[in-house]
Amino acid sequence: MRKRQAAHIEAPPQAPGQPRPNTCCLCWCGCCKCLWNEDRIERSERQTCTKMDSIEAVEEQQPSLDEVLSWARSFEMMLRSPEGRQVFREFLRSEYSEDNLLFWLSCEELKKETDPVVVEEKSRIIYEDYVSILSPKEVSLDSRVREGINQNLAEPSNLMYEEAQFQIYTLMHRDSFPRFLNSSVYRDLLANRRRTCLDT
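Residues numbered from 1 in each chain as written. Predicted model: local features only at pLDDT ≥ 70, side-chain atom pairs only at ≥ 80, totals over all residues. Heavy atoms only, no water.

K.L.:
Can you help me understand the overall build of the protein in this one?
P.N.:
A tally of helices and strands in the protein yields ten helices and zero strands. In the protein, the succession of helices and strands from N to C terminus is α-α-α-α-α-α-α-α-α-α. Out of the 200 residues belonging to the protein, those deemed buried represent 30%. Put simply, 53% of the contacts in the protein that link residues at least 6 apart link residues at least 24 apart. Of the roughly 13900 Å² that the protein leaves accessible, carbon and sulfur atoms contribute 53%. (Helix = DSSP H or I, 4+ residues; strand = E, 2+ residues; numbered from the N terminus. Buried < 20%, exposed > 50% of the residue type's maximum accessible area, 1.4 Å probe, protein only. Contact = heavy atoms within 4.5 Å. Areas by Shrake-Rupley, 256 points an atom, 1.4 Å probe, with all protein chains shown as cover.)

Following this line, the structure appears as C-alpha cells:
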C-alpha cells in the first residue's frame, strides 16, 4: 500500500484544469466524467448558441418602410445606412460595379485612422486594390486625380484619397443611384416593406 502511494507522489505534477487519465474525478481534474466538466461544457454550448442566435438576429434585421423610402430622397442617407449599403451593393454587383462602393468604403475607413503605420499600410492596399492599372478591381479615375495619388504615395495620409473618393461618390450618385431606384432590387424591397406594414 505504501509503495503505491509513493509511486503516486513521485508522478510528475499536472496543471490544474488539465485532463488526467485514470484519476479520480476531482473538480479540478477536467476528466470527461467529472460533473464539474460536464457543467462547464454545457455552459459553453449555451453561450455559443446565444451568440449564434444574436448573429442570426442581426443578419435577419430588415430596414423599416420609412428608412427604405428615405433612401429615394437622399443618396447620402442610403450610404450611411448599413442596410442601405447592403442593398445598393447587391444592385451594383448585378452591374459589375460593386468595386466603386468598396473603394468608397475603404476610403471612409482610412479617414478614421491616426496611426501612421496603419495609414501607410491601408493606403497601399487601397492603391493596389482599386487604383493600380494592374488590378482587376480598378475604379474609374481621371488622369489628374490618379497622378495626385501617385505623388501622395511617397508620404501617405488618411486623406490622400479624398478627391478620388468624391469622384467615385459622384459617379455612383449620378449614374448608378437613379438606376438602383428603378431596379427590381429596390422596388421589391419597398413592396415587401409596405406589405409588412399592412400585415401589422
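K.L.:
Whenever I open this one, the pattern of salt bridges confuses me. Can you help?
P.N.:
Where charged atoms from two side chains of opposite charge come close, those side chains can pair. Within this structure, the stated rule accounts for 13 salt bridges. Its salt-bridge partner being Glu-113, residue Lys-122 comes within 2.8 Å of it at the nearest N-O pair. Relative accessible area serves as the criterion here: at 28%, Lys-122 is assigned to the partly exposed category. A salt bridge links Asp-175 to Arg-179; the nearest nitrogen and oxygen atoms lie 3.0 Å apart. With Asp-175 and Arg-179 both in helix α9 (residues 162-181), this residue pair falls four residues apart, about one helical turn. On the basis of relative accessibility, which here comes to 37%, the residue Asp-175 falls in the partly exposed class. According to the relative accessible area criterion, Arg-179 is partly exposed, its value standing at 36%. Through salt bridges with shared partners, a single ionic network connects Glu-76, Arg-80, Glu-108 and Lys-111. (Salt bridge = Lys/Arg side-chain N within 4 Å of Asp/Glu carboxyl O.)

K.L.:
It is not clear to me how helix α10 (residues 184-199) should be interpreted in this structure. Could you clarify?
P.N.:
Since the α-helix packs 3.6 residues into each turn, any two residues three or four apart lie on the same face. The end-to-end C-alpha distance of α10, which contains 16 residues, comes to 22 Å, matching closely the 22 Å that a straight helix rising 1.5 Å per residue would cover. Listed in full, the buried residues belonging to α10 are Tyr-186, Leu-189, Leu-190 and Arg-193. Summarising the axial view, the buried residues of α10 lie within an arc of 100 degrees, below the 170-degree limit, and thus occupy one face. Turned more than 90 degrees from where α10 packs its buried face, Asp-188, Leu-198 and Asp-199 sit exposed. If you follow the buried residues of α10, they end up packed against α3 (65-73), α5 (82-94) and α9. (Expected span 1.5 Å × (residues − 1). Arc of directions from axis to C-beta.)

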